[in-house]
Amino acid sequence: MSHASEVYLASKHDGTVSRSHDLAQRSFIDLGIHPPIVEALRVAFPSIKDPTEAQCEFIPPILQGKNVLLKDDTGTGKTFGVLLALLSQPRVKYIQHYDGKAQERMAITSLMVVPHRLLAFQISHWVRRMLGRFDSMQSTDLDVVTQVLVRDEDMHLKSGLETLRSIPPHILIGTPQALIDVYKNDPNALRLKTLSTVFVDEVDNQVHAVRELQHDKKAMSIRKKKAARHPGPTTELLDIVFKPHARERESSQEESGLAYQQRRLGQLPRSSRAPQLVMASATLRRHLNQHIFRESGWLVSDCVKVNGRQLHPPQVPRRGVPQPKYIGLGGAHISHSVLVVTEDGVSNIEGAVREARTDRGDGALPLDSMPDNVDGVLGYMRLPPTLNTNILEAIGMAFALDVPSLAALVLPSSASTSRAVYELRELGINAQELDLKVHGMGQSIADRSSDGAGEKPKLMVTKMAMVRGLDVPALTHVFVVGLLDGNRRASPEMVDAYVHVAGRVGRFGRVGKVVTFVCKEDEAEMRRLLEGINVAPVEHDLFASSS
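Just so we're clear, the structure is a prediction, and the values are computed from it rather than from any experiment. Chains are numbered independently. Their residues run from 1 in the order of the written sequence. In view of the model being predicted, local features appear only for residues whose pLDDT reaches at least 70, and side-chain atom pairs are presented and counted only at 80 or more, with totals across whole chains, interfaces and linings using the full set of residues. To get the side-chain values, all heavy atoms of the structure are used, and hydrogens and water are removed first.

Draft legend 1. Summary view of the overall build of the protein. Along the protein, the regular secondary structure elements total 21 helices and 17 strands. Going through the 547 residues of the protein one by one, you find that 51% of them count as buried. By the convention used here, residues are in contact when the closest approach between their heavy atoms is within 4.5 Å. Considering only intrachain contacts with a sequence separation of at least 6, the fraction spanning at least 24 residues in the protein is 79%. A total accessible area of about 26,300 Å² is found for the protein, and carbon and sulfur atoms account for 50% of it. Secondary structure elements are taken from DSSP: a helix is a run of H or I of four residues or more, a strand is a run of E of two residues or more, and numbering for both begins at the N terminus. We call a residue buried when its accessible area falls under 20% of the maximum for its residue type, exposed when it is over 50%, and partly exposed in between, using a 1.4 Å probe and counting protein chains only. Per-residue and other accessible areas were derived by the Shrake-Rupley procedure at a 1.4 Å probe size, with only the shown protein chains allowed to occlude residues.

Draft legend 2. Representation of unusual backbone geometry within the structure. Residues other than glycine seldom take positive phi values, yet Arg191 does so here, at roughly 45°. Following the sequence through the fold, Arg191 ends up in the loop between α10 (187-190) and β8 (197-201). For Arg191, a relative accessible area of 30% corresponds to the partly exposed category. With a phi angle near 50°, Glu202 is a residue other than glycine that sits in the positive phi range. You can call Glu202 buried: its relative accessible area is 5%.

Draft legend 3. Geometry of the pairing of β8. Among the five residues in β8, five count as buried, and that is most of the element. Burial along β8 is two-sided: the residues Thr197, Phe199 and Asp201 and Val198 and Val200 are all buried. Criterion used throughout: strands pair if DSSP finds at least two bridges between them. Sheet topology places strand β5 (residues 110-113) next to β8; four bridges connect them, and they run parallel. Of the residues in β8, the one forming a bridge with Leu111 is Val198.

Draft legend 4. Structural detail: the nonpolar core. Residues Phe58, Ile62, Leu83, Leu84, Met112, Ile123 and Met130 are the most contacted members of the largest nonpolar core, which totals 43 residues. With eight residues, the top contributor of residues to this core is helix α6 (residues 117-131). In this structure Leu83 touches Met112, Ile123, Trp126, Val127 and Ile171, once residues within four positions along its chain are discounted. Put simply, buried Ala, Val, Leu, Ile, Met, Phe, Trp, Tyr and Cys residues joined by side-chain atoms within 4.5 Å make one nonpolar core.

Draft legend 5. Spotlight on the packing of aromatic side chains. Side-chain rings of Phe, Tyr and Trp, where Trp is taken by its six-membered ring, are said to pair if the distance between their centres is within 6.5 Å; with planes under 30 degrees apart they count as stacked, over 60 as edge-to-face, and otherwise as tilted. Tallied over the entire structure, the rule returns three aromatic pairs. When the centroid spacing of 5.5 Å and the interplanar angle of 80° are considered together, the rings of Phe45 and Phe80 count as edge-to-face. Here Phe45, found in the loop between α3 (35-44) and α4 (53-63), pairs with Phe80, found in helix α5 (residues 78-87); they are 35 residues apart in sequence, far enough to count as distant. A centroid spacing of 6.4 Å and a plane angle of 50° characterise the contact between Phe479 and Phe517, whose relative ring orientation is tilted. Of the two residues, Phe479 sits in strand β16 (residues 475-481) while Phe517 sits in strand β17 (residues 511-519), which places them 38 residues apart along the sequence. In this structure an aromatic cluster arises from ring pairing among Phe45, Phe80 and Trp126.

Draft legend 6. Representation of the environment of Thr462 within the structure. Mapped onto the secondary structure, Thr462 falls in strand β15 (residues 458-463). Take Thr462: its relative accessible area is 3%, and that puts it in the buried class. Separated by 42 residues in the primary sequence, Thr462 and Ala420 place their C-alpha atoms 9.6 Å from one another. The contact partners of Thr462, leaving out residues within four places of it in the chain, are Leu118, Leu409, Val410, Leu411, Thr417, Leu434 and Val467.

Draft legend 7. Region of the structure containing the UniProt feature "domain: DEAD-box RNA helicase Q" (unreviewed entry) in the protein. UniProt positions are given in the numbering used here, feature names are shortened, and annotations may be inferred rather than shown by experiment. Per the UniProt annotation, the sites labelled "domain: DEAD-box RNA helicase Q" (unreviewed entry) are residues 26-56. With 58% helix and 0% strand, residues 26-56 has end C-alpha atoms that lie 7 Å from one another.

Draft legend 8. Quick peek at the confidence of the model for the protein. As a per-residue quantity, pLDDT reports the predictor's confidence and falls between 0 and 100. Scored by pLDDT, the protein has a mean of 78; 72% of the residues are at 70 or more. Counting contacts from residues 310-328, a segment whose pLDDT is below 50, to residues more than four positions away or on other chains yields 46 contacts. Counting contacts from residues 357-381, a segment whose pLDDT is below 50, to residues more than four positions away or on other chains yields 41 contacts.

Draft legend 9. Focus on helix α8 (residues 159-166). Along α8, the positions that sit buried rather than exposed are Gly160, Leu161 and Leu164. Seen along its axis, α8 keeps its buried residues to an arc of 95°; they face one direction. Of the exposed residues in α8, the ones pointing more than 90 degrees away from its buried face are Glu162 and Ser166. Close packing links the buried residues of α8 with β6 (146-149), β7 (171-174), α9 (176-185) and α10. For this quantity, the arc is that covered by the directions from the helix axis to the C-beta atoms.

Draft legend 10. Representation of the sheet that holds strand β11 (residues 333-342). Judged by pairing direction, the sheet is mixed, and its seven strands sit side by side in the order β12-β11-β17-β16-β13-β15-β14 without closing on themselves. Whereas interior strands pair on both sides, the edge strands pair on one side only; in this sheet they are β12 (345-348) and β14 (431-433). Sheet twist, expressed as the mean angle between neighbouring strand axes with direction ignored, is 25°. Taken together, the five bridges between β16 and β17 define a ladder with parallel strand orientation. Within β17, the residue paired with His477 across the bridge is Lys513. Across the face of the sheet, helix α20 (residues 492-502) comes into contact with β11, β13 (406-411), β16 and β17 while running at roughly 140° to β17. All axes are obtained by fitting lines to C-alpha atoms, using only the stretch in contact for helices, and the reported angles, taken between N-to-C directions, cover 0 to 180 degrees. Packed onto the sheet, helix α21 (residues 523-532) meets β11 and β17 and runs at close to 150° relative to β17.

Draft legend 11. How the structure looks around the packing of α20 against α21. It is the contact of α20 with α21, at a shortest axis distance of 10 Å, that shows an interaxial angle of 70°. Classified by the angle their axes make, α20 and α21 are roughly perpendicular. In this structure, α20 contributes Met494, Val495 and Tyr498 to the contact, and α21 contributes Met526, Leu529 and Leu530. Of the residues belonging to the contact of α20 with α21, the class tally is six nonpolar, no polar and no charged. Between 65 and 115 degrees an angle is taken as roughly perpendicular, under 35 as roughly parallel, over 145 as roughly antiparallel, and anywhere else as oblique. Ten residue types, Ala, Val, Leu, Ile, Met, Phe, Trp, Tyr, Cys and Pro, are classed as nonpolar, four, Asp, Glu, Lys and Arg, as charged, and the remainder, Gly among them, as polar.

Draft legend 12. Seen up close, the pattern of salt bridges. The rule for a salt bridge is simple: a side-chain nitrogen of Lys or Arg has to be within 4 Å of a carboxyl oxygen of Asp or Glu. Tallying each qualifying case throughout the model produces 15 salt bridges. In this structure, Asp496 and Arg285 form a salt bridge, with 3.0 Å as the shortest nitrogen-oxygen distance. Here the residue Asp496 occupies a position in helix α20, and Arg285 occupies one in the loop between β9 (276-281) and α15 (286-295), the gap between them amounting to 211 residues. For Arg285, a relative accessible area of 19% translates into the label buried. Salt bridges sharing common partners tie together Glu202, Asp204 and Arg468.

Draft legend 13. Region of interest: the packing of α4 against α5. Two elements in contact, α4 and α5, have axes separated by 9 Å at closest approach and are oriented at 35°. The two elements α4 and α5 meet at a crossing, and its hand is right-handed. Residues Gln55, Phe58, Ile59, Ile62 and Leu63 of α4 form the contact with α5, whose participating residues are Lys78, Phe80, Gly81, Val82, Ala85 and Leu86. Residue composition of the contact of α4 with α5, grouped by class: eight nonpolar, two polar and one charged. When the near helix sits turned anticlockwise from the far one by under a right angle, the crossing is termed left-handed; a clockwise turn instead gives a right-handed crossing.

Right under this line is the structure:
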């Protein structure tokens, strides 16, 4: 058996694909992506020449119809690679009998479940950008390929559901609650029984598993019962899709030999085939793996586990215990700075190392105009300030002197993004709420260059819940306000959240900066978090002491 074939060999429920560095670089066509899609990819995204190492590993198993659990570094093209594989799958059709005649109908081939609307629109934008290169493409043709279902007041249950009924897409992209809403309104619209593939992106954010408590079995039992009563929309959706197949498989294993022979000969109906399940994230902890493989009942057939370059997952550090190196956090050329904000001003976290300063341009350019919605602006003025004044001014200074083109500001979940945008614009910062659906923002961000040539630098304001998975090539800086999970303890959830935020920059070998603003009370926990991922904070020269 050749080495290449061994790479994709998997044992039952525990197949692991380990990265092979001696395989020759393969093209997208070598991996099985259809030539027209590869051609559209080259025209729409000319900077993408070849697949990444991760894509070389997980695309073939997906095209072979295998279940795949994918864990790899941020910025290795997980979501984009899965999308290319799903676009290359054959279209699902079914036979409908009407007036005594059999008619062939199109059905949804793949379901992409994403944690938030911004990621849904980003994936849709990728598809439309590729297919839009074909001059003959009409809007209805694009709807045949991909549609988006997110909670937008009740539009997903009105125009969204109407379009879905009339034009089932090859790929349906949706947030879990919107998909559950549609299913409860009209189960036949999704045709879950004929699905070929279900893809769950950022699975650790969407599926919540109970962490094992070795010293408190009673508390763990209580947590599991609570999780069973309130499973969350993604778990509910996956149960609807896969649990019937699991029960059917259990029943077939118990049937007699005669029934098995009759089913094989077609004298009894064959068991339905469960859809392929693909799940991906950069952070997959052990308790979630155990839940997926042992408890969920979703994997009714073998699963290939694809692990990337990570040697170890990020840890919550213990005093006196050396931490293993964590490879690939936000790319190899990322600096991590932490600024401590007090009433006396802003300073670098204790122990930050020095780095040479690079002036990058003038971010704080005069605004062309204030927002058109004057009443909305007056409303912002009446709201209490979202940001500490010192943090606000520090963000403005760092943006103005250091950002060449595009930066993101990640706020606490309790903060108002609209108010923050207003406050930043008062300082002359070109700030805007991040929403890839409005005002052509998706196209403008995708086309923006990373050096900012000829463009006014922009600061996109968002929250942690809306930033996971986003791929914005021109993004060079991420500013973070506070500890990401809202508490003052370096929990595994906080560590994972930081990894995903940091992963928005430095993608595919690019450079970038992550700057976190914390209060004095959070300084120790932030230092502990960075120790857990083996990252030394870099001194931000704009706030360095004069000594």
